[in-house]
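# Chains, contacts and geometry: an overview
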Amino acid sequence: MKVFCPICNLEKDLSPEEWRCSCGEAWEPGVSDVFEIDKGAHDIWRYRKMYGLDFEEPYFRMGSGWTPLLPFEIRGREVNFKLEYIAPTASFKDRGTEVMINILAHQGVRRIVDDSSGNAGASVAANAARAGLEADIFVPSYASPDKQAQIAVYGAQVHAISGARVNAKNAALEAVQGEATLASHAYHPGFLSGQQSLAWELWEQLDGQAPDWYVLPVGQGVHLLGVWLGFKRLLAAGLVDRLPRLVAVQPTRLAPIKNALEKGFETVPELEPSKPSIAEGLAIASPVRGGRILEAIRETGGSCITVTDEATIKAQIQLAKRGLYVEPTSATVFAALERVFEQATATEIIVLPLTGSGLKGSPGI
């Protein structure tokens, strides 16, 4: 798989040992001009020829992707919910993880390490189990007990690390030695490849259109970047005439993207949370790909909206009363919807991905 560094423009063939560029930046997948859909497949491998992989067929399949897009009327406006929590491990992370672990399995990796607040860890653990890989997952000790239990049930070793979220990341990096390989949703370019499938699915489900607004929760930002890169591929191919406005949603208690945008920064300085947020999946003080997140938001004319924990809990309840039970991190987008309505016209297409199931045991309702 060809990868490149967006900072120093270095291009290389991806290897398990060199999981990031020598400059410290995370690799991105090489850009391919192939746009060929396998319409006989109804999962992320529908787009396998577009990922730029070194293999024709996946090592394994988990059934990620091709999730429903449901229109709802909210305050007299149509809003489209993309049900990303209908996934093998009940979160959007399964798209990127399935591609990432397939790449590592094809490269002969047998033991992997990752850090996570819960959803990514469960996704990595499940896909590792499917591929026959051993996995060590480092989580902050405050992570939902149910999420930690989900990681463990797949056979992964769970390491609960006390203190701030970054401590789990540092412990995981220290564990990458010997035969262990980093399988990080934050760093691995294969993860971004898999996340691009979300843009291509939406394009198909919207009959060859891009939405006008795509409103999503942002922690590490790999969801946002995958959608951005995916729609840029469609734009380059002449299949859409614009990119959707990308609206990042973060908790008021920890909003490094909002801070960087307001101050005109090109990178995202680390922020310390005033106190932990109920949206635990967004507890990222300084995202790995922060500069690219800012670039994507600015290029699309997007923004960052912050929401309080109280508004998030209210949104979680409101969604549940519509039959959509999501965890608090996912509910943040519904909490931000009123401010999107203030900017969007009545005829514009608004998509809100619901990224994680409420059955994962996060606090809230």
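Below, the structure is looked at part by part. Bear in mind the structure is a predicted one, so any value in this text is a computation, not a measurement.

## Brief notes about empty space enclosed by the protein
Counted by the stated rule, this structure contains three cavities of 30 Å³ or more. One number sums up the size of the largest cavity: a volume of about 260 Å³. In terms of lining, the largest cavity is formed by 23 residues, of which the most central are Phe92, Lys93, Gly219, Gln220 and Gly281. Contributions of two or more residues to the lining of the largest cavity are made by helix H2 (119-131) and helix H6 (222-236). No other element matches H6, which puts three residues into the lining of the largest cavity. The class makeup of the residues in the lining of the largest cavity is eight nonpolar, twelve polar and three charged. Lining the second largest cavity are Asp114, Asp115, Arg165, Lys169, Leu173, Leu182, Ser184, His185, Ala186, Tyr187, Gln220 and Val288. Examining the composition of the lining of the second largest cavity, we find that three residues originate from one element, helix H4 (residues 165-175), more than from any other. Grouping the amino acids of the lining of the second largest cavity by side-chain chemistry returns five nonpolar, three polar and four charged.

## Notes on the packing of aromatic side chains
In this structure the tally under the stated criterion is eight aromatic pairs. Ring geometry for Phe81 versus Phe334: centroids 6.2 Å apart, planes at 50 degrees, classification tilted. Remark: Phe334 occurs in helix H10 (residues 328-335) and Phe81 occurs in strand E5 (residues 77-83); sequence separation between them is 253 residues. The buried category is assigned to Phe81, whose relative accessible area is 0%. Through a chain of ring-to-ring contacts, the aromatic side chains of Phe35, Trp45, Tyr47, Tyr51, Trp200 and Trp203 assemble into a single cluster. A cation sits over an aromatic face here: Arg46 above Trp66, 4.5 Å from the ring centre.

## Observations concerning the sheet that holds strand E3 (residues 28-29)
One open sheet holds the three strands; their spatial order is E2-E1-E3, and the pairing between them is antiparallel. Where the open sheet ends on each side, the last strands, each with one partner, are strand E2 (11-13) and E3.

## As for the packing of H2 against helix H3 (residues 145-153)
Contact pair H2 / H3: the axes reach a minimum separation of 8 Å and the direction vectors enclose 15 degrees. Taken together, the axes of H2 and H3 are roughly parallel relative to one another. Seen along the crossing, H2 lies across H3 with a hand that is left-handed. Residue-level contacts link Asn119, Gly121, Ala122 and Ala125 of H2 to Lys147, Gln150 and Ile151 of H3.

## Overview of the layout of surface pockets
Considered as a void within the structure, the largest pocket measures approximately 510 Å³ in volume. In terms of lining, the largest pocket is formed by 26 residues, of which the most central are Tyr142, Ala164, Arg165, Val166 and Ala283. In terms of residues, the lining of the largest pocket owes the most to one element, H4, which gives three residues. Across the lining of the largest pocket, the residue classes tally to 14 nonpolar, four polar and eight charged.

## Some words on H10
The buried fraction of H10 is high, at eight of eight residues. What H10 keeps buried is the set Pro328, Thr329, Ser330, Ala331, Thr332, Val333, Phe334 and Ala335.

## Remarks on the pattern of salt bridges
One pass over the full model with this rule turns up 24 salt bridges. Lys12 serves as the salt-bridge partner of Glu18, at 2.8 Å between the closest nitrogen and oxygen. With a relative accessible area of 27%, Glu18 lands in the partly exposed category. On the accessibility criterion, Lys12 (29% relative accessible area) is partly exposed. Across the pair Lys147 and Glu327 runs a salt bridge whose closest N-O atoms are separated by 2.7 Å. Here Glu327 lies in the loop between helix H9 (309-320) and H10 and Lys147 lies in helix H3, a separation of 180 residues in the sequence. Note on Lys147: relative accessible area 1%, which makes it buried. Here the residues in one salt-bridge network are Asp38, Asp43, Arg48, Glu57 and Arg61, joined through shared partners.

Procedures and definitions
Chains are numbered independently. Their residues run from 1 in the order of the written sequence. Local features in a predicted model are, by the rule used here, given only for residues with pLDDT of at least 70; side-chain atom pairs are given and counted only at 80 or more, and totals for whole chains, interfaces and linings are based on all residues. Note: side-chain values were computed over all heavy atoms of the structure, leaving out hydrogens and water. Definitions used for this entry: grid spacing 1 Å over protein atoms alone; cavity, a set of points where a 1.4 Å probe fits but cannot get out; pocket, an open set with protein on both sides within 12 Å along at least 5 of 7 lines; lining residue, one with an atom within 4 Å of a point. Grid points are joined across faces, edges and corners, and a volume is the space filled by probe spheres set on the points. Helix and strand labels come from DSSP, where a helix needs a run of H or I of at least four residues and a strand needs a run of E of at least two; each type is numbered from the N terminus. Here the term charged refers only to Asp, Glu, Lys and Arg, the term nonpolar to Ala, Val, Leu, Ile, Met, Phe, Trp, Tyr, Cys and Pro, and the term polar to all other amino acids, Gly among them. Whether two aromatic rings pair depends on their centres lying within 6.5 Å, for rings of Phe, Tyr and Trp, where Trp uses its six-membered ring; planes under 30 degrees apart make the pair stacked, over 60 edge-to-face, and the rest tilted. When a residue's accessible area, from a 1.4 Å probe over protein chains only, is under 20% of the maximum for its type it is buried; when over 50% it is exposed; and in between it is partly exposed. We count a charge as sitting over a ring when the NZ of a lysine or the CZ of an arginine lies within 6 Å of the ring centre and within 35 degrees of the ring normal. Strand pairing is assigned whenever DSSP identifies at least 2 bridges connecting the two strands. Only the stretch in contact is used when fitting a helix axis, every axis being a line fitted to C-alpha atoms; angles between N-to-C directions are given from 0 to 180 degrees. In what follows, roughly perpendicular refers to angles from 65 to 115 degrees, roughly parallel to angles under 35, roughly antiparallel to angles over 145, and oblique to any angle outside these ranges. Crossings are assigned a handedness: left-handed for a near helix turned anticlockwise from the far helix by less than a right angle, right-handed for a clockwise turn. Contacts: residue pairs with any heavy atoms within 4.5 Å of one another. Put simply, a salt bridge is a Lys or Arg side-chain nitrogen that is within 4 Å of an Asp or Glu carboxyl oxygen.

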